[in-house]
Amino acid sequence: MKRITLTLILFTACAALTAQPKAKRPNIVIILSDDHAYQTISAYGSKFMQTPNIDRIAKEGVLFNKAYVTNSICGPSRAVLLTGKYSHKNGFKDNETSNFNAAQDLFVKQLQANGYQTAWIGKYHLGTQPQGFDFWQILPGQGSYYNPEMLMMDGSRKRIEGYATNIVEDVTETWLDQRDTSKPFCLVIGHKSTHRTWIPDTTDMGMFDDVTFPFPENFYDAYDNREAAKVQDMTIAKTMILGYDLKMLTPGDKEPAVERMNTVQRARFDAYYQPIYEDFKARNLSGKALTEWKYQRYMKDYLSTAASLDRNIGRTLDYLDQHQLTDNTIVIYLSDQGFYMGEHGWFDKRFMYEESFRTPMMMRYPGVIKPGIKLNGYVMNLDIASTCLDAAGVAIPEEIQGKSILSLLNGKTKGRDAMYYHYYENGEHSVSPHFGVQTKKYKLICFYKRVDSWELYDLRKDPRDMHNLYGKKKYEKITQQLKSKLNALIAQYEDEDARRVLNGG
Ligand code: CA
């Protein structure tokens with residue numbers, strides 16, 4: 001049975017394109033969400049909620065079942081997207097100490113030089129002022145869910161009344177309305193959703209109140225044999241905050257994200273959350289009962305912000321339809337990384353474990369990518385820059401480290417047999433820096449700085465990263481092979497930091 005599935009997948013990948021990229025250069029829309037877990041998207045089989053609009057992109061194009069990121073955290077992921085290079089090459093390694101140098105080469109600059117109009121609207125989170133865009137209007141830093149300020153191109157800040165996910169789409173449509181229609185465009189729509197602290201739009205509050213969500217089987221992970229997992233600070237039990245994250249505000253609490261609301265928004269917020277707070281106080285929960293209550297509230301809030309995200313992605317697709325743009329526009333949907341929905345007892349991201357290493361990704365290219373394709377080959381956010389340049393018929397600069405997904409789909413380039421990952425940040429949530437390699441069968445991780453340890457996983461037997469096999473008998477040979485592969489990738493991508501760690505320097 002497994003062999004048949006594999007054969008079908010290989011056949012499907014080779015036959016994924018209906019034609020060569022078109023002579024007329026396509027428009028490109030990249031919809032980039034924040035912390036959106038593939039576990040919550042119905043195109044990936046999620047039972048938690050329906051995401052019909054995100055699913056539509058997959059149904060009309062290709063769904064990447066094995067899409068991963070090079071460094072699972074917000075700012076660095078965006079830098080990888082824009083440069084097509086790993087963090088050590090683009091210089092933006094973590095959110096806490098790095099500044100993005102927007103003067104370096106970016107794929108949008110190449111597109112601009114070749115006649116494209118470019119824009120980034122919404123969450124950007126790279127610190128420095130955008131370059132390479134004819135138009136930008138961005139949320140400063142993380143941005144706010146309610147009545148967000150936006151940074152304008154003239155340097156001013158403008159507070160816009162409403163809910164961020166709707167506003168980002170509104171600004172997008174305004175820009176599309178007035179763009180130069182003589183040129184193809186490349187537009188990045190950066191959504192804040194579904195980032196912490198998951199404040200739903202007033203229209204979506206309560207939509208999951210009747211649902212009790214099942215707990216992931218490893219919700220009570222004890223982190224045996226995993227040193228970095230033992231010292232992290234990202235559990236629902238201990239790290240998730242009742243007021244800040246779950247809106248359980250005692251009278252007099254001033255939570256800035258909530259204080260931003262106008263009178264009407266605040267009245268709706270209070271009408272929804274106050275009874276929940278009263279009920280919560282009356283229950284006087286502790287221990288496991290409290291943790292499980294927090295998980296249920298987390299799921300309800302998170303999925304409600306995802307509902308708005310999906311609805312506004314539907315608006316983008318409708319706009320393309322209504323303006324006869326669909327046939328000549330590539331639409332790529334991805335998150336900046338995956339997220340934990342209670343797996344290992346966690347929320348947040350960062351680890352090279354499946355749920356945060358992986359990201360949802362799908363791509364529609366009418367007339368070129370056959371509808372309804374599902375691809376199991378490894379692709380990465382590193383590949384977006386090359387893919388866009390390839391589609392636009394622009395030469396891919398040699399320094400770019402990603403590969404064109406189009407050339408993967410048409411069989412021109414061979415898919416990856418292994419992926420390289422490197423996470424650097426060593427602050428909030430106490431996740432140890434680490435780098436590693438994932439092949440089709442195994443994953444090897446080297447943690448350093450906060451903890452010094454190795455981890456090895458057999459992905460077929462242990463897809464949830466629960467049983468560290470490093471140092472166990474019978475795994476000596478595969479460990480050596482994986483270390484060789486890791487060294488080869490470190491050399492290929494020229495990651496001097498990793499090389500120093502391995503050499504004890
Ligand atoms: Ca993120």
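Check the entry above for the structure.
Residues numbered from 1 in each chain as written. Predicted model: local features only at pLDDT ≥ 70, side-chain atom pairs only at ≥ 80, totals over all residues. Heavy atoms only, no water.

Draft legend 1. The arrangement of the coordination of the calcium ion in detail. Taken together, D34 (OD), D35 (OD), C74 (SG), D336 (OD), D336 (OD) and Q337 (OE1) make up the full set of protein donors to the calcium ion, lying 2.2 to 2.7 Å away. Bound by 6 donor atoms, the calcium ion shows angles of 52 to 161 degrees at the metal and therefore irregular coordination geometry. Positions of the donor residues of the calcium ion, expressed as sequence spacing, correspond to D-D-x38-C-x261-D-Q. Of the two residues, D34 sits in the loop between β1 (27–33) and α2 (52–59) while D336 sits in the loop between β9 (329–335) and α11 (354–357), which places them 302 residues apart along the sequence. Of the two residues, D34 and D336, neither departs from the other in class, the shared state being buried. (Donors = N, O, S within 2.8 Å, 3.2 Å for Na, K, Ca; no water. Tetrahedral: all angles 85-135°; square planar, octahedral: opposite > 155°, others 65-115°. Helix = DSSP H or I, 4+ residues; strand = E, 2+ residues; numbered from the N terminus. Buried < 20%, exposed > 50% of the residue type's maximum accessible area, 1.4 Å probe, protein only.)

Draft legend 2. A look at the sheet that holds strand β16 (residues 453–458). Strands sit in the order β13-β14-β15-β16 across an open sheet of 4 strands; the sheet is antiparallel. Both outer strands of the open sheet, β13 (418–423) and β16, are each paired with one neighbouring strand and no more. The average undirected angle you get between the axes of adjacent strands in this sheet is 10 degrees. Two strands pair when backbone bridges link them, and strand β14 (residues 434–439) and strand β15 (residues 442–447) are joined in this way by 5 bridges, in the antiparallel orientation. Within the sheet, the bridge partner assigned to G436 lies in β15 and is I445. Contacting β13, β14, β15 and β16, helix α14 (residues 476–493) runs over the sheet at an angle of about 110 degrees to β14. (Pairing = 2+ DSSP bridges. Axes fitted to C-alpha atoms, helices over the stretch in contact; angles between N-to-C directions. Contact = heavy atoms within 4.5 Å.)

Draft legend 3. Unusual backbone geometry, seen in detail. In this chain, S193 is followed by T194 through a cis amide linkage whose omega measures 5 degrees. The residue T194 is located in the loop between β8 (185–190) and α7 (227–231) in this model. A cis amide bond links R196 with the next residue in sequence, T197, at an omega value of 15 degrees. Of note, H429 is a non-glycine position whose phi angle comes to about 75 degrees, a positive value.

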